[in-house]
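Here is what each chain is made of, one letter per residue.
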Amino acid sequence: MTSMDKELSTGRQENFMQSLLAFTREHKASYWSGPLGEFLEKILPADPQGVARSSHQYIWDMIRWTRHEDANGQVRTALFADELFGMDEAIERVVDYFKAAAAGSEVGRRLLLLLGPPSGGKSTLVILLKRGLEEYSHTDAGAMYGVQGCPVHESPLHLIPHTLRPNFRETYGVDISGEVCPYCRMRLEQQYNGDFLQMPVERIFISEAGRSGIGTYAPHDPTTADLADLVGSVDLSKVAEYGDEGDPRAWSWSGAVYAASRGMLEMIEILKVKREFLYLLLTLTQEKNVKVSRFPLIYLDETILAHTNLAEFRKFLQESENEALLDRMVIIQVPYTLNFLEEARIYKKLISSAAPAFREVHLDPHVLHAAAVFAILTRLHEADEKDQELAKKVRIHANEDVEGVNRAEAERARQKMPEEGLGGVSPRFVINALSNAIIQSDSRSLTTMDVLLALKDAIENDARIDPKKKRKWIDYLVLARKHFYNRWVKEDVHKALFVSFEQEAQDLLDKYLDEVEATLDNRQIHDPITNDERRPDERFLRSVEEKIHISDSGKQSFRQEVVRKAMGAFKRGEKFTLDSHAQLHDAVQQYLFEQRRDVLRLVSSSSRPDDDARQKISIVEKRLVDEYGYDSHSAREALNYVTTLLAQE
């Protein structure tokens, strides 16, 4: 290890230790315990609303605690910002559910069901909510209190007798909902002789591992599934000790609904459970209580958040007796993203969390985006559209400016068809193909073509995909290469080839504007070389415009639009650049590329290059590596690939 590497390593260690110390300071929450009387005197008056919060209100407060306004004035939820990509609509619907439920609307009496394809982000969304609750409970704003020793961590306010609750509401401005659980009722009578002010209260912290405020249920074999997994059962080892199966102390309070009390219950693949499970959960959501043998109703305040896949949901819909159950659910679809830029971010996140050997492999700058384009194509509505139209649709979903499509048309195109995003390949399918490409590669470098071929191999060898769909998906790989990767790699090589590309392109843009203005004004233009006056160069104008398929009949309106934009920029005190007009940007770039294609062929195809050609090759490769995200292997492959494209044109 070099001295520089050691310094970097030491610096990273110091930064990590600082992060640990900062985290410890932020999460050093104060623990409190004492009798109810002291709690009512010292803790409650500071924040009656916070103490009396329902589970929905608590989760909504946690979400608001993580929200902030970004530089564009948009409200972002930091809880999801760096983990979930391309699912803003689903996240906002979930946030709206909690906002409405916290306000006391009827949706708070409904089970929240996330519905979507596998590997679409449902589980991650729930996990992030759970982690957010755990962290929030360690803050002053998220302080939560419960009866000490209570198996359901119930609110200490449940101990207030019903006859005193109206007076409590007048004093503190909050209502008390809920009943004392059987276990605490027995303790109150036997240990404290009914003196509820002596019942111990403590601050509690939400912890999934500690079974406090978060419960999780994952179904197993439906034929052997036992309701006791949710609501517990008689503990026979304690019956002999207490002599009565109806004694709350002889009951096993290990069910998932008790762990989730005051917080959230996650139900994984909920529609695989028996119907009696569903009725219990929906009654719990609707009435906030459960009934188990030998006990009266047990009050539980918790949010039930379930998720399932489309196959199970469609099967569930076919059974008419499930209509009543569906009516008591709020169903939010969580489809795959249709934005290839967001999809690529998902791959990057999955790669960053993969094994070190995977992360150490270099990917050329277009690997993830090209794979993402293919994935999006498989998720779009299957129609007999031409490749050009499909490519346009993919670009529109990525919020790109597309020639010939105005903003209103783009917005209409972005409106998903009912099934779009609910099918197609999952991010996991693409990552598996990437893994196979890495395993089969001798070098520690992958090009976009390597990955497209790996995806083709994955499609052909997947027995789950029917032959017709296989052919269509392989066609999508060709489309991704032809309409996206080819354009991207040609732009990279073109820019790398010309060190002065930016200035050369701007000079060409300025020349185009001068010629257009002279044409529209019907005046001559001064030639700086001959120092003579001449007519505008119509041949030059058309050679630029034809690169983006501007017809002879449409050239006048196109030129007028360019001049209007240029004048608008001038009035705002801005310089009209290539970035000011997407179509003209493409036209200028293609024009320059066309002018230099012979040079490019010479540079990249010489089998035995002379010193001059070798130097040019070296400069191009170095720029691709230094400025465009390639390594030496992928840079050479890009040059060879673009040379092949030029030979085919």
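Placed above this text is the structure.
Let me begin by describing the structure that accompanies this report. Keep in mind the model is a prediction, meaning the values are calculated, not measured.

1. Considering the side chain of Gln 506
The topology assignment puts Gln 506 in helix H24 (residues 501-521). The exposure class of Gln 506 is buried, given its relative accessible area of 10%. Setting aside residues no more than four positions away along its own chain, Gln 506 makes contact with Lys 575, Phe 576, Thr 577 and Leu 578.

2. Examining the environment of Gly 104
By secondary structure assignment, the location of Gly 104 is in the loop between helix H6 (88-102) and strand E4 (111-115). Note on Gly 104: relative accessible area 60%, which makes it exposed. As for Gly 104 and His 56, which are separated by 48 residues in sequence, their C-alpha atoms are 9.0 Å apart.

3. Observations regarding the pattern of salt bridges
Tallied over the full model, the rule gives 35 salt bridges. A salt bridge links Glu 627 to Arg 623, with the nearest nitrogen and oxygen atoms 3.0 Å apart. Separated by four residues within a single helix, Glu 627 and Arg 623 lie in helix H29 (residues 611-628), roughly one turn from each other.

4. What to know about helix H19 (residues 387-397)
All of the buried residues along H19 are Leu 390, Ala 391, Lys 393, Val 394, Arg 395, Ile 396 and His 397. Buried positions along H19 lie against helix H16 (340-352), helix H18 (367-379), helix H20 (407-414) and helix H23 (467-497). Phi for Asn 399, located one or two positions after H19, is positive at around 65°.

5. As for the packing of H23 against helix H27 (residues 582-595)
Interaxial distance between H23 and H27 falls to 11 Å at its minimum, and their mutual angle equals 65°. Relative to H27, the crossing made by H23 is left-handed. Packed against H23, whose contacting residues are Lys 490, Glu 491, His 494 and Lys 495, the element H27 presents Gln 589, Leu 592 and Phe 593 at the interface. The residue makeup of the contact of H23 with H27, split by class, is two nonpolar, two polar and three charged.

6. Notes on the sheet that holds strand E1 (residues 33-35)
Strands sit in the order E1-E6-E5 across an open sheet of three strands; the sheet is antiparallel. Every other strand in the sheet has two partners, leaving E1 and strand E5 (144-147) as the edge strands with one partner each. Between one strand and the next, the sheet's axes are offset by a mean angle of 30°, whatever the strand orientation.

7. Structural notes on the pairing of strand E6 (residues 200-204)
Burial analysis of E6 places five of its five residues in the buried class, which makes it a mostly covered element. Across four bridges, the pairing between E5 and E6 is antiparallel. The residue of E6 that forms the bridge with Gly 146 is Glu 202.

8. Concerning the side chain of Thr 308
Considering the arrangement of structural elements, one finds Thr 308 in strand E13 (residues 303-308). Setting aside residues no more than four positions away along its own chain, Thr 308 makes contact with Leu 113, Leu 114, Leu 115, Gly 116, Lys 122, Glu 269, Ile 270, Leu 271 and Phe 313.

9. Details of the sheet that holds E4
As summarised here, the arrangement of the five strands in space is E7-E10-E13-E4-E14, forming an open sheet in which the pairing is parallel. Taken across any chain shown, the strands that pair with only one partner, and hence form the sheet edges, are strand E7 (214-217) and strand E14 (329-333). Across this sheet, the average inter-strand angle for adjacent strands is 20°, counted without regard to direction. Where E4 lies against E13, four bridges are found, and the strand directions are parallel. Across the sheet, the residue bridging to Leu 114 is His 307, located in E13. Of the strands in this sheet, E4, E13 and E14 are in contact with H6, which crosses E14 at around 160°.

10. Some words on the packing of H18 against H23
Packing of H18 against H23 leaves a shortest axis separation of 9 Å and a crossing angle of 140°. Classified by the angle between their axes, H18 and H23 sit oblique to one another. When the axes of H18 and H23 are compared, the crossing they make is right-handed. Contact with H18, carried on its side by His 369, Ala 370, Val 373, Phe 374, Leu 377 and Thr 378, involves Trp 473, Tyr 476, Leu 477, Leu 479, Ala 480, Phe 484 and Trp 488 of H23 and no other residues of that element. Within the contact of H18 with H23, the residues separate by chemical class into 11 nonpolar, two polar and no charged.

Conventions adopted
Residues numbered from 1 in each chain as written. Predicted model: local features only at pLDDT ≥ 70, side-chain atom pairs only at ≥ 80, totals over all residues. Heavy atoms only, no water. Helix = DSSP H or I, 4+ residues; strand = E, 2+ residues; numbered from the N terminus. Buried < 20%, exposed > 50% of the residue type's maximum accessible area, 1.4 Å probe, protein only. Contact = heavy atoms within 4.5 Å. Salt bridge = Lys/Arg side-chain N within 4 Å of Asp/Glu carboxyl O. Axes fitted to C-alpha atoms, helices over the stretch in contact; angles between N-to-C directions. Left-handed = near helix turned anticlockwise from the far one by under 90°. Nonpolar A, V, L, I, M, F, W, Y, C, P; charged D, E, K, R; others polar. Pairing = 2+ DSSP bridges. Parallel < 35°, antiparallel > 145°, perpendicular 65-115°, else oblique.

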